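Summary of the model geometry
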Amino acid sequence: DQQVKQNSPSLSVQEGRISILNCDYTNSMFDYFLWYKKYPAEGPTFLISISSIKDKNEDGRFTVFLNKSAKHLSLHIVPSQPGDSAVYFCAASARGTGANSKLTFGKGITLSVRP
Amino acid sequence: GAGVSQTPSNKVTEKGKYVELRCDPISGHTALYWYRQSLGQGPEFLIYFQGTGAADDSGLPNDRFFAVRPEGSVSTLKIQRTERGDSAVYLCASSFTGTRIDEQYFGPGTRLTVT
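To keep things clear, this report deals only with the structure shown in the data block. Just so it is clear, the structure is predicted and the values come from calculations on it, not from any experiment.

Parameters and conventions
- Residue positions are given per chain, counting from 1 as you read along its sequence in written order.
- The naming scheme follows written order: chains are lettered A onward, ligands numbered 1 onward.
- Reporting in this predicted model follows two pLDDT cut-offs: at least 70 for local features of residues, and 80 or more for side-chain atom pairs to be given and counted; totals over whole chains, interfaces and linings ignore these cut-offs and use all residues.
- Heavy atoms throughout the structure, all of them, feed into the side-chain values; hydrogens and water do not.
- For helices the rule is a DSSP run of H or I covering at least 4 residues; for strands it is a run of E covering at least 2, with both sets numbered from the N terminus onward.
- Values of the radius of gyration come from C-alpha atoms, whereas the globule rule sets the reference at 2.2 Å times the count of residues to the power 0.38.
- Type-normalised accessible area, obtained with a 1.4 Å probe on protein chains alone, sets the label of each residue: buried when under 20%, exposed when over 50%, and partly exposed for intermediate values.
- Two residues qualify as a contact provided that any one of their heavy atoms is within 4.5 Å of a heavy atom in the partner residue.
- Using the Shrake-Rupley algorithm and a 1.4 Å probe, accessible areas are obtained, with residue cover drawn only from the displayed protein chains.
- Think of it this way: Lys and Arg go in the positive column, Asp and Glu in the negative one, and His and the chain ends go nowhere.
- Charged groups are reduced to one reference atom each: NZ for lysine, CZ for arginine, CG for aspartic acid, CD for glutamic acid.
- When DSSP locates at least two bridges between a pair of strands, those strands are taken to pair.
- Any Lys or Arg side-chain nitrogen located within 4 Å of an Asp or Glu carboxyl oxygen qualifies as a salt bridge.

A short note on the overall build of chain B
Scanning chain B from N- to C-terminus turns up 0 helices and 11 strands. Put simply, chain B runs from its N terminus to its C terminus through helices and strands in the order β-β-β-β-β-β-β-β-β-β-β. The C-alpha atoms of chain B give 13 Å as radius of gyration, which agrees with the globular expectation for 115 residues (13 Å, within 12%). If one aligns the C-alpha atoms of chain B with their principal axes, the spans along those axes are about 35 × 25 × 25 Å. A buried classification covers 48% of the 115 residues belonging to chain B. If you take every contact in chain B between residues at least 6 apart in sequence, the share linking residues at least 24 apart comes to 55%. Carbon together with sulfur atoms contributes 48% to the accessible area of chain B, which is approximately 5400 Å² in total. Considering chain B, the positive charge centre built from 12 side chains and the negative charge centre built from 12 side chains are found 7 Å apart.

Here it is in structure tokens:
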């Protein structure tokens, strides 16, 4: 059973426009959420995170929104740049349970930003 | 500074053979994680070390998989009697303490192909 779901496998946007990447989760014990970015032949790199006590976290062009009641989060990138083209993974952790920081990942979404 | 390194970068082996995959974490990082990424999927947690001990091995799929970290730095993931379904990219990550989730730094992975 997929506890973290990224239902759209790909997204293509024009440079300068907004990219919105969506993620849903089913496990109500998850209380910390992260987005990772991955280029080919490289490991995932941390992008931005949000705790369940917040509904928004912003870092430069990247903003993550969390809707706990809907068990939904989204990553907004604005303005999108060609260098943002990569695979983006949504991940979650149940750190409030005292568990270690192991992450549960979604399948990822491939973002293509057209010049 | 040096990041997480993994060797080999690629490994092709025949079904039934034994393989070892190595991870060199960032110096001073006490926590080390192994994940497996199958084709079209996100990374899947395998095992977590805090120092020399395996604090959580709940993600290991069966007893053919084993991992060690004898001196609290380098870790080796060992797979016995490999099967074609073991083909995947094996990712290693490390963090300073394991208590800050967004501090997991990933290596580039080892692509294992079982023929």
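A few points about the sheet that holds strand β8 (residues 72-77) of chain A
Residue and element names in this part refer to chain A. Pairing is antiparallel across the open sheet formed by 5 strands, whose spatial order is β1-β3-β8-β7-β6. Strands with a single pairing partner mark the edges of an open sheet, and in this sheet they are β1 (4-5) and β6 (56-59). Relative to β8, strand β3 (residues 19-25) runs antiparallel, the two being bridged by 6 bridges. Bridge pairing in β8 links Ile 20 to His 76.

Some points on the pattern of salt bridges
For the structure shown, the criterion picks out 5 salt bridges over all chains. The salt bridge involving Asp 84 of chain A is made with Arg 61 of chain A; its shortest N-O contact spans 2.8 Å. With a gap of 23 residues between them, Asp 84 of chain A in the loop between β8 and β9 (86-93) and Arg 61 of chain A in the loop between β6 and β7 (62-67) connect regions that are remote in the sequence. Where Lys 102 of chain A meets Asp 56 of chain B, a salt bridge forms, and the shortest distance between an N and an O atom there is 3.3 Å. You can see Lys 102 of chain A sitting in the loop between β9 and β10 (104-105) and its partner Asp 56 of chain B sitting in strand β6 (residues 53-56), one on each of two chains. Overlapping salt bridges bring together Arg 64, Glu 83 and Asp 86 of chain B as one network.

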